[in-house]
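Here is how the chains run, residue by residue.
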Amino acid sequence: MHVHLHFPHLPSSKTISNQVHGVMKIFHHEKESEAHQIFRQQVGHQPKPALGGLPQTVNPDEETVPGIEHPGSTGVIYCSDRAIANGFNYANSHEWANLGQGAPEVGPIPNAPPRPDSIPMPVDSLEYAPTTGVKALREAVANLYNDNYRKGKASQYTYENVCIVPGGRAGLSRVAAVIGDVYCSYQVPDYTAYDQVLSAFKRLVPVPTALDPKNKYRLDIEQTKKDILSQGLAVVLASNPRNPTGQVIAGKDLKELVSLSRDNTTIILDEFYSWYIYPDNEKDIGKSISSAEYVEDVNTDSVVIIDGLTKNWRLPGWRICWVIGPKNLITALSQSGSFLDGGANHPMQLAAVPLLEPERVKIEKMALQKHFKAKRDHVLKRLHALHLDVDVPPQATFYIWLNLEKLPPPLNNGLTFFEELLKEQTIVIPGIFFDINPAHRRNLFNSPCHHYVRLSFGPPIADLDKGCLRFCYFYPSNIALSMDTDISLTHRIDAIGRVVANARMGGTKKMGHNYKKSLESNSGIHI
């Protein structure tokens, strides 16, 4: 393959240096960055007053009803709103590459059971369901966990250990509502919704632990034990497998984490990605991860598991999830559910029961892991071709935690990178949304997640390629084409050549500003 690129005369290195330094002056503090100011102007994203301090000055755009306080939007919601401001809508979504979506593809995948295509609606299902859920589904969940993780153990889950909830956030909210005034440990980075939960339920006093990328974002169990003793931690909250880093607590570490529940500490584990495990050995395909494997007594070990059909079964629209834990917890969740959400959809609960049959689940897990592992490898290969290697490749989930620090400014921070990609009809999630910072007081430039974005390989592979191609438009990074380069990539070679030439002429100076605030207007932000 012979490719001829024609570049205009390049400026001197001194000119490029001056241009780069001119850009860098813009990005020392969030107040000087247009992308960061757009973020802060979103209702609920302003810094919150210190505990016991005076309330913030009323923002007339935010407080339209006296006494109402916006909690702030989660990453996916904010990014969707910004995409809509740039022309995205659900009618033209096929024209966009959504690498930010926190949901898996929902269509058929190779060797998986058929997708549900109808929902029975017996007359009884038109009634309210119990706030703890339909008994048949609760039994099916308990049976599945016993089959997958508790064979041969004396203590087995029953329906009384299961509460059905209308989505994972509803499960988190029910649990948070029944926790007393305690210190709650959480990690950075972690699932974006924890920020809102820890902000809204103020009886939980948040205590952060920053995970180190040099240690592959591993949760140090020994340090956690010390923190429990020295800081009086009563609750540890974590996703496992980990969103957004794609890492997983497994084996001895998971066993030791569960053991902390026997020492006056409640362990709350969000296990929504428990099937998305990518083993190196083919014989391990089909195995999944859950703390349920290491619980000794289901009614005395204070381990709370949150999971559901959303990710593993690839049914996010069903909003059928569950919380598993000791019986007395389920009783409390029934009470909190009665005033928080009222319970999950009755017909959908009944339709979910056959999907939890263990033999069907075994086939589903194997198909899912093979399919998503292939997608992970595909995207990592495409990123490598763009000289965007991932520091800590994902071992689980369907996310890639991408470090941008090596990119030229202003592309080396997640919010600006995100805004620039919106111009190319591509969505990613800026890393700052995974900096669980309930008070929102930290200068965004000081966030440990500031230089990251989360990419999702949840969408179909055609959409992933679309996004990778737009990365090429956006920041080609001297791509070297070879004979095995995708034909679709070669179709973009003229655009790549233009962008490379522009970048070499200091084209990054054109980035970092002129962002649309809405479809009707320009940003209106002057930095």
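Residues numbered from 1 in each chain as written. Predicted model: local features only at pLDDT ≥ 70, side-chain atom pairs only at ≥ 80, totals over all residues. Heavy atoms only, no water.

### Describing the overall build of the chain
For the chain, the helix and strand inventory stands at 15 helices and twelve strands. Here the chain holds 527 residues, and the buried ones make up 54% of them. Total accessible area computed for the chain in this model is approximately 23900 Å², and 54% of it derives from carbon and sulfur atoms. (Helix = DSSP H or I, 4+ residues; strand = E, 2+ residues; numbered from the N terminus. Buried < 20%, exposed > 50% of the residue type's maximum accessible area, 1.4 Å probe, protein only. Areas by Shrake-Rupley, 256 points an atom, 1.4 Å probe, with all protein chains shown as cover.)

### Considering the packing of helix α4 (residues 135-149) against helix α11 (residues 358-385)
Direction vectors running N to C along α4 and α11 enclose 60 degrees, while the axes themselves pass 10 Å from each other. Note that α4 runs across α11; the crossing there is right-handed. Here N143, L144, D147 and N148 of α4 lie close against α11, whose contacting residues are P358, V361 and K365. When grouped by side-chain class, the residues that make up the contact of α4 with α11 number three nonpolar, two polar and two charged. (Axes fitted to C-alpha atoms, helices over the stretch in contact; angles between N-to-C directions. Left-handed = near helix turned anticlockwise from the far one by under 90°. Contact = heavy atoms within 4.5 Å. Nonpolar A, V, L, I, M, F, W, Y, C, P; charged D, E, K, R; others polar.)

### Some words on the sheet that holds strand β9 (residues 399-403)
The strand order β9-β12-β11 describes an open sheet built from three strands, whose pairing is antiparallel. Each end of this open sheet is capped by a strand with a single partner; those strands are β9 and β11 (429-430). Sheet topology places β9 next to strand β12 (residues 452-456); five bridges connect them, and they run antiparallel. Counted as the bridge partner of I400 is L455 from β12. (Pairing = 2+ DSSP bridges.)

### Quick notes on the sheet that holds strand β8 (residues 321-324)
Taken together, seven strands build an open sheet; the order of strands is β2-β8-β7-β6-β5-β3-β4 and the sheet is mixed. Looking along the sheet, the strands with just one partner apiece sit at the ends: β2 (162-165) and β4 (204-210). The average angle at which neighbouring strand axes cross in this sheet is 20 degrees, direction not considered. Sheet topology places strand β3 (residues 182-188) next to β4; seven bridges connect them, and they run parallel. Directly across from Y183, in β4, lies its bridge partner V205. Contacting β2, β7 (303-308) and β8, α4 runs over the sheet at an angle of about 120 degrees to β2. Lying on the sheet, helix α6 (residues 193-200) is in contact with β3, β4, β5 (233-239) and β6 (266-270); it crosses β5 at an angle near 155 degrees.

### So, the nonpolar core
Counting 128 residues, the largest nonpolar core has W313, W322 and L356 as the members making the most contacts within it. At seven residues, α4 tops the list of elements feeding residues into this core. With near-sequence residues (within four places) excluded, W313 lies in contact with R115, L144, W275, G308, W322, L355, L356 and V361. (Core = buried A, V, L, I, M, F, W, Y, C linked by side-chain atoms within 4.5 Å.)

### Observations concerning helix α9 (residues 327-340)
End to end, α9 covers 20 Å across 14 residues, agreeing with the expected 20 Å (1.5 Å per residue, within 8%). Those residues of α9 that sit buried are L329, I330, L333, S336 and G337. Viewed end-on, α9 has its buried residues packed into an arc of 125 degrees, placing them on one side of the element. In this structure, α9 carries N328, Q335, S338 and F339 as exposed residues pointing more than 90 degrees from its buried face. Looking at the buried side of α9, the elements it contacts are α4, β2, α5 (168-177), β7 and β8. Looking one or two residues beyond α9, the residue adopting positive phi is G342, at roughly 80 degrees. (Expected span 1.5 Å × (residues − 1). Arc of directions from axis to C-beta.)

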